[in-house]
Amino acid sequence: MSEGSGSFRPERRGEKVSLGHYLAVVGGKQLPFWWRSKFLAVPDDFSLLPTEQLWQTHDELTKSLHTKRSGNEPTQQAGKSSLLDSKVELTRRIYRSCTLCPLMCRTDRLNGETGRCGLKADARVFREGLLVSEEPFIVPTYELFLTGCNMRCKFCQAWEGVVRTDLGFKLTGSKLASTVERKSKRGALNIHFVGGEPTVNLLAVLVSLKSLKVPLPIVWNTNLFVTDEAMKLLDGVVDLFVADFKFGNDECAWEIGGVESYVATVQSNLLKASRIASLVIRHLVMPGHIECCLVPVVSWVAQTLPKVTFHLMLNYVPDWRAWSDKALSQRLSESERQMAKAIVKSTGLKRVLISE
Ligand code: SF4
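Just so you know, the residues in each chain are numbered from 1, in the order the chain's sequence is written. Reporting of local features is limited, given that this is a predicted model, to residues whose pLDDT is at least 70; pairs of side-chain atoms are given and counted only at 80 or more, and all residues count toward the totals for whole chains, interfaces and linings. Think of the side-chain values as coming from all heavy atoms in the structure, minus any hydrogens and water.

A. Focus on the overall build of the protein chain. Numbering of helices and strands starts at the N terminus; helices are DSSP runs of H or I of at least 4 residues and strands are runs of E of at least 2. Across its full length, the protein chain carries twelve helices and ten strands. Its C-alpha atoms give the protein chain a radius of gyration of 20 Å, near enough to 21 Å, the size a compact globule of 356 residues would have. Overall, the protein chain is about 60 × 45 × 40 Å in size when its C-alpha atoms are taken along their principal axes. When accessible area is computed with a 1.4 Å probe and restricted to protein chains, residues below 20% of their type maximum are described as buried, those above 50% as exposed, and intermediate ones as partly exposed. Looking at the protein chain residue by residue over its 356 residues, the buried ones come to 58%. By definition, residues are in contact when any of their heavy atoms lie within 4.5 Å. Counted over contacts in the protein chain with a minimum sequence separation of 6, partners at least 24 positions apart contribute 75%. To be clear on the numbers: accessible area is Shrake-Rupley with a 1.4 Å probe, and residue cover counts the displayed protein chains and nothing else. Split by element, the accessible area of the protein chain, about 14,800 Å² in all, is 51% carbon and sulfur. Working convention for charge: Lys and Arg count positive, Asp and Glu count negative, and His plus the chain ends are omitted. Where a charge lies is defined by one atom per residue type: Lys uses NZ, Arg uses CZ, Asp uses CG and Glu uses CD. The distance from the centre of the 46 positive side-chain charges to the centre of the 37 negative ones in the protein chain is 5 Å. The quantity called the radius of gyration is restricted to C-alpha atoms. Its globule counterpart is 2.2 Å times the number of residues to the power 0.38.

Below you can see the structure in the form of structure tokens.
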């Protein structure tokens, strides 16, 4: 991985658009959002509140996480209910008729039904470990690969974990607490949830966080193809979004990823992510998709989030069902690599990472 024209200095206070908050947490100057949510008290009878009122309480408390300066102010007494508990309760209510992502399956995941992600209420980890092959500021990173996804990208390299939701071990609070403690002693800078798609596993992740005792920042490696409600629940949990902006138009998103209304959803969620946490945007350049996907993606990023860290990935490898598509069954040509780099350079984005 090489660094483009930019550097990775923290931004001025108050700007979360790139890495400032995350680096402050790693540097011990701030506490992770999820940790603070664990200590912000909600009324003990919160679970009896009607959903609209519970959202109101949740939203007000979440907002306060962003207005209080350093976040070193636990307010909750041991055993009392917290903002994190209210997130668990709201997610549980959503799971009864699931609308966590725009596929809006409305299945009852608490009663054993599955939606298009293939998941019920539990989450399973099909791979985990301390990795050093990601963005330089997040490694060593403790990655947990969760099964299931709401998209079906033809070239998916994690397809086995996407399709076989029974793989691996069940994510529990005690398991997460013990592995994070061990990985932290071995130098992990963060807890990194990836998939599949972590957001479709939100309930099990939130419940597990309640048992966690090591305040490492949370990295959320996501397709951001999720609803407003899911984004609100992630606010106050995630410290750094590592978000894919995969497709530059809805036709390619449908043809390759199997979802509709992709571009507007992801653009809206990228903006939200930039306001509530630190953000890295990844774009994996696909062979034959420079004009239709890379150009609109990077143009939008440069115009809308010019301070963001943009990761241009030129390491596409065909996998899974990519062989059914003539363009996707190739690797990138040398001229496509050069063209992609020149296009990104011409946008003037300051913080660019390149993976060859
Ligand atoms: S998270 Fe899964 S069950 Fe829920 S709406 Fe999305 S695909 Fe459907």
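The rest of the description comes next.
B. Fine view of the packing of helix H3 (residues 51-67) against helix H4 (residues 83-95). Contact pair H3 / H4: the axes reach a minimum separation of 10 Å and the direction vectors enclose 140°. Considering the angle they form, H3 stands oblique to H4. The crossing of H3 and H4 is left-handed. Contact residues: H3 offers Thr-51, Leu-54, Trp-55, His-58, Leu-61, Thr-62 and Leu-65, while H4 offers Leu-83, Ser-86, Lys-87, Glu-89, Leu-90, Arg-93 and Ile-94. Put simply, Ala, Val, Leu, Ile, Met, Phe, Trp, Tyr, Cys and Pro go in the nonpolar bin, Asp, Glu, Lys and Arg in the charged bin, and everything else, Gly too, in the polar bin. Along the lines of polarity and charge, the residues of the contact of H3 with H4 split into seven nonpolar, four polar and three charged. To obtain an axis, a line is fitted to C-alpha atoms, over the contacting stretch when the element is a helix, and the angle between two such axes runs from 0 to 180 degrees between their N-to-C directions. For classification, angles of less than 35 degrees are called roughly parallel, those exceeding 145 degrees roughly antiparallel, those between 65 and 115 degrees roughly perpendicular, and all remaining angles oblique. By the definition used in this description, the sense in which the near helix is turned from the far one sets the handedness, with an anticlockwise turn below a right angle giving left-handed and a clockwise turn giving right-handed.

C. Just the site of the ligand, in detail. Around the ligand, the neighbouring residues are Cys-98, Leu-100, Cys-101, Leu-103, Met-104, Cys-105, Thr-107, Arg-109, Gly-115, Arg-116, Cys-117 and Val-200. Of the residues contributing to the shell around the ligand, the split by class is eight nonpolar, two polar and two charged. Working definition: residue near molecule or strand if any one of its non-hydrogen atoms lies within 4 Å of it.

D. Summary view of the side chain of Arg-337. Relative to the assigned elements, Arg-337 resides in helix H12 (residues 334-347). The term polar contact refers here to a pair of N or O atoms within 3.5 Å; inside protein, the definition further demands a hydrogen-donor-capable atom paired with an acceptor-capable atom, and it admits residues adjacent in sequence only when both atoms are side-chain atoms. In this structure the side chain of Arg-337 is engaged in a polar contact, spanning 3.2 Å, whose partner is the backbone oxygen of Leu-314.

E. Representation of the nonpolar core. Among buried residues, those of type Ala, Val, Leu, Ile, Met, Phe, Trp, Tyr and Cys that are joined through side-chain atoms within 4.5 Å constitute a nonpolar core. Of all hydrophobic cores here, the largest spans 108 residues; its most connected members are Phe-241, Phe-247, Tyr-262 and Leu-270. Apart from residues no more than four positions distant in its own chain, Leu-270 is found in contact with Leu-224, Ala-243, Phe-245, Leu-279, Ile-281, Trp-300 and Leu-305. Counting residues in each nonpolar core, the second largest holds ten residues, with Leu-19, Tyr-22, Val-139 and Leu-240 among its members.

F. Structural context of the environment of Leu-328. Along the polypeptide, Leu-328 turns up in the loop between strand S9 (309-313) and H12. Here the alpha-carbon distance between Leu-328 and Arg-164, two residues 164 residues apart in the chain, equals 23 Å. Excluding residues that lie within four positions of it along the chain, Leu-328 makes contacts with Lys-154, Phe-155, Ile-256, Met-286, Pro-287, His-289, Tyr-316, Pro-318 and Ala-322.

G. Summary view of the side chain of Arg-109. Within the secondary structure layout, Arg-109 lies in the loop between H4 and strand S2 (124-131). Asp-108 is the oppositely charged side chain nearest to the buried, salt-bridge-free Arg-109, at an N-O distance of 8.4 Å. Excluding anything up to four places from it in sequence, Arg-109 contacts Tyr-95, Cys-98, Leu-100, Cys-117, Leu-119, Lys-120, Ala-121 and Val-200. The term salt bridge refers to a pairing of a side-chain nitrogen on Lys or Arg with a carboxyl oxygen on Asp or Glu at a separation within 4 Å.

H. Representation of the environment of Val-200 within the structure. Position of Val-200 among the secondary structure elements: in the loop between strand S5 (191-194) and helix H7 (202-209). Residue classification places Val-200 among the buried positions, given a relative accessible area of 3%. Expressed as a C-alpha distance, the spacing of Val-200 and Phe-137, which sit 63 residues apart in the sequence, is 26 Å. Apart from the residues lying within four places of it in its own chain, the contact partners of Val-200 are Tyr-95, Leu-100, Arg-109, Cys-117, Leu-119, Gly-148, Cys-149 and Asn-150.

Distances and angles like these do not, on their own, reveal function.
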